[in-house]
Structure formats: structure tokens, C-alpha cells
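Letter by letter, the chains look like this.
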Amino acid sequence: MSIPETYKAFRRTTGDLPRTIRPSTEQLPRKLGPHDVLLKIHAVSLNFRDVAMLHGRYPVDVIERGIPCSDAAAEVAATGGAVKDFAIGDHVSVLFDLSNLTGCDDEPSKALGGDVNGVLAEYAIFEDKYIVQLPKHLSWEEAATITCAGVTAWTALDGLTAATPRSALLQGTGGVSLFALLICLAAGIRPIITSSSDKKLEDIRKLGPDVRTINYRTVSDQASEVKRLTDGNGVDFVVNNTGPASIPQDISFLRQRGGVVSLVGFLEGINGDWQPSAMMALMGKSAKLKGISVGSKEDYVDLIRFLAEKKVSLAPLVDRVFTFDESPAAFDYLYSGSHVGKVIIKVQD
């Protein structure tokens, strides 16, 4: 495989909001470190955080003019002399947070596309300890959805470690919810997914007879509807993509004992109009409110093993594919909210 001296990437602009991304020419180092792996990136998928950074809606500081995006499917193009677990041609990806290997690490976050440069580029170099093998049955576009959305969905469902989970409520039709839905279907868990669009819900019901849906605009009493759809039991998991405002209602959706509300996103902002006493409902249901910051390398490897063993197709996640040169348009499309699932950028063949 021939290695170029330079490659193309996109970087965030600076200045007034909203910002955008612009192409940049980057230099490849002439020599790899002993544990370095050079990746040829084939596909990248977008997450809401990528566009939130451009519109002043991301609640964490990010590096100025950074290369965005965290989710990529790549091919090993070259390796340093001490790399043992990867070979040229392997299909791989990179951890979302380079500081989170076990889930108990004490180092500050090094999240791709925010704290450090991301993967919206033709090539990238990472140490081998940050890289994982991808399932062989997935296309580049499918595999590019796993790093953030997939691992977030997996950890939001407790890595399927709970005893006999029966159902899960998934907020919205973005990448995390759609990925969680596919995990649920593969694991025999009945998913309930919400949206304000009847058309989106109609399309999602085609994914399987066990998929249940709620239009949160037209269903005034969602708690009663959740009870009806679960034979009066409530759900084992609520995957909260919208933010703190809905947490008291989320708790009302849970089963009587042992349910989990997983807070994974902030689509509706980071504030909530409710009293602290609302948290007492967690005690009444012996429930947990769990903050999700994607997951660790161990979580990633567990998810990949599950996807490979179950031969889970991720094709239903792919909403639309843009070319690399169309990357700014892909960001605009994601921010419009018109998508169902994941927006993909095909970097190169």
C-alpha cells in the first residue's frame, strides 16, 4: 500500500457562531513511532456533538481548529516496529476517549474530535492500544457507526448484563436510539422508540414486529402508553437523548424495581424545570440514574463481540451517505434533524 506525504482533512473554523468546517492539507510524518498505527480512513459517521460544537451548543471546551469527528472505519496502512496485534489490511477503528481503556481510568478525557484531533481525514495515526478490530461482516459505512453511537447504546443498556431485561424506551430516532434498537432486537428485548414524526415511526416499525412506537407530540400521557405497551410493567431501560428536563418522566416509565435511566445526550439542552424532590422516585423504584460518556475500550470490545456473534446488520442505521468533499453539507444535513439514524461521509474507497 503506497503512503502519501500529505493528506486531506477538514478542520473547524474560528470566529463568530455558527462556524463551519473547511478542508486542510496535512503532513504525514516520515517515520512511525514503535507503537504507532497508520490508518487509511474509509468512512466516518457524524454525531450531534460534531455539529453542536459549531453552533455553540456543546457544553465542553474543544481544541481550536481541531479536526472533527470520532467515529471511523479504517484500514491499517502501516505499523510501527513494536505493533503485534494489528497487520496491514486489518479493518479497525479507534476509541472515542483515548483515556478510557477500562472504565476506571483516572486520566482526564481525551475525546476524539473535541479534546484531541478527530478522524475526518484521509489518514490518521494512533497508538495500537487505542485501536480495536472491527467485525468482518460489516461494510465500511456500517462499521463507522460503532465508536460513539454504538458503544453509547451498549453501555446505556448496561452491556446486556442485567438479568432478563424485557423492554427499553429509546428517545428519538438518532444514531444512539437506532443502534440501541438493533441491539435490543438481536438480544430479544422489546424496544419502544419515540418521535414527533409519524413517518419516521412508520419506517422504524418495518425493522421488526417487536418494535413499538410512541409519537410524543400526539400522545399526551406517555407513562400510561408505556404501561400499556409493556403489559402494565414499565420498561427496564430509558435511553435519554434529550437531556435533564425529562428525567422525572423517564423514572415514571421504569418497571417497579431495578430499572435504569441512562442519560446519554442533550438534544433539548442541559437544564430542567423540576424540583430535587423528584429524585426521590428513584428510591421508590430501587432505580438508577446513570450518566453515560460513551464507554471504555473493554465496552467497545464486548460490543464488537456481540455484533460478530449475532451477525447484526447495521445497514438500517445508515440514513444518507455523503462524499468526503461534501462534508460541510453532511454537517448541515445532520443539524437540520431530517435524518433517521446515522449520517455517513465516505472518505475514500
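Here we summarise the structure given alongside this text.

The rules behind these values
Residues numbered from 1 in each chain as written. Predicted model: local features only at pLDDT ≥ 70, side-chain atom pairs only at ≥ 80, totals over all residues. Heavy atoms only, no water. Helix = DSSP H or I, 4+ residues; strand = E, 2+ residues; numbered from the N terminus. Contact = heavy atoms within 4.5 Å. Axes fitted to C-alpha atoms, helices over the stretch in contact; angles between N-to-C directions. Parallel < 35°, antiparallel > 145°, perpendicular 65-115°, else oblique. Left-handed = near helix turned anticlockwise from the far one by under 90°. Nonpolar A, V, L, I, M, F, W, Y, C, P; charged D, E, K, R; others polar. Buried < 20%, exposed > 50% of the residue type's maximum accessible area, 1.4 Å probe, protein only. Pairing = 2+ DSSP bridges. Right-handed = clockwise from strand over helix to strand, strands pointing away. 1 Å grid on protein atoms, 1.4 Å probe; cavity = no way out; pocket = protein on both sides within 12 Å on 5 of 7 lines; lining within 4 Å. Points joined across faces, edges and corners; volume = space filled by probe spheres on them.

This part covers the environment of I21. Residue position: I21 is located in strand β2 (residues 21-27). Between the C-alpha atom of I21 and that of S327, which follows or precedes it by 306 residues, the distance is 8.0 Å. If sequence neighbours within four positions are ignored, I21 has contacts with F10, R11, R12, L54, P68, L120, S327, P328 and F331.

Another aspect to go through is the packing of helix α3 (residues 146-156) against helix α4 (residues 175-187). Close contact between α3 and α4 brings their axes to 8 Å; oriented N to C, the two are set at 55°. For the element pair α3 / α4, the angle class is oblique. Here α3 and α4 pass one another in a crossing that is right-handed. In contact with I146, A149, G150, T152, A153 and W154 of α3, α4 contributes G175, V176, F179, A180 and I183. Grouping the constituent residues of the contact of α3 with α4 by class yields eight nonpolar, three polar and no charged.

Most of α3 sits out of view: eleven of its eleven residues are buried. Those residues of α3 lying buried are I146, T147, C148, A149, G150, V151, T152, A153, W154, T155 and A156. Count one or two residues on from α3 and you reach D158, which has phi positive near 60°.

Further remarks concern the packing of α4 against helix α9 (residues 297-310). The N-to-C vectors of α4 and α9 enclose an angle of 55°; their axes lie 11 Å apart at closest approach. Comparing their axes, α9 and α4 come out oblique. Crossing of α4 over α9 shows left-handed handedness. Taken together, the residues of α9 that come into contact with α4 (itself represented by F179, I183, A186 and A187) are L303, F306, L307 and K310. Along the lines of polarity and charge, the residues of the contact of α4 with α9 split into seven nonpolar, no polar and one charged.

Another point: the pairing of strand β11 (residues 237-240). Here β11 shows no split at all, with F237 and V239 on one side and V238 and N240 on the other all buried. Where strand β8 (residues 167-170) and β11 come together, three bridges link them in parallel fashion. Within β11, the position partnered with L169 by the bridge is V238. Pairing of β11 with strand β12 (residues 260-263) involves four bridges; the strand directions are parallel. Residue pairing for β12: V239 is matched across the bridge by S262. Note that the unit made of β11, helix α7 (residues 247-253) and β12 has a crossover that is right-handed.

Okay, the pairing of strand β15 (residues 342-346) next. Of all five residues in β15, four are buried, a share of seventy percent or more. As judged from the three bridges shared by strand β3 (residues 36-45) and β15, these two strands associate in the antiparallel manner. Within the sheet, the bridge partner assigned to A43 lies in β15 and is K346. As paired strands, strand β14 (residues 318-323) and β15 are joined by five bridges and run parallel to one another. Along β15, the bridge assignment pairs T323 with K346. You can see the chain leave β14, run along helix α10 (residues 327-336) and come back into β15, and the turn it takes is right-handed.

All right, on to the sheet that holds strand β9 (residues 190-195) then. The six strands lie next to each other as β10-β9-β8-β11-β12-β13, forming an open sheet whose pairing is parallel. In the strand order of this sheet, the two ends are held by β10 (212-215) and β13 (288-291), each with one partner. With strand direction ignored, the average angle separating the axes of adjacent strands in the sheet is 20°. α4 rests against β8, β9 and β11 of the sheet, and its axis sits at about 160° to β9. Strand contacts of helix α6 (residues 222-229): β8, β9 and β10, with the helix running at about 170° to β10, the strand carrying the most contacts.

This part is about empty space enclosed by the protein. Where empty space is left in the structure can be found by rolling a water-sized probe over the atoms. Counted according to the given criterion, the structure contains one cavity of 30 Å³ or more. Within this model, the largest cavity holds a volume of roughly 50 Å³. Every residue lining the largest cavity is listed: L95, F96, D97, N100, T147, V151, V294, G295, S296, K297 and Y300. Those elements that provide at least two residues to the lining of the largest cavity are α3 and α9. When the residues that make up the lining of the largest cavity are grouped by side-chain class, the tally is five nonpolar, four polar and two charged.

Our next topic: the environment of N241. The residue N241 is located in the loop between β11 and α7 in this model. N241 sits in the buried class, given a relative accessible area of 10%. As for N241 and S177, which are separated by 64 residues in sequence, their C-alpha atoms are 7.9 Å apart. Those residues within four positions of N241 in sequence are excluded, and the remaining contacts are Q171, V176, S177, V264, G265, F266 and L267.

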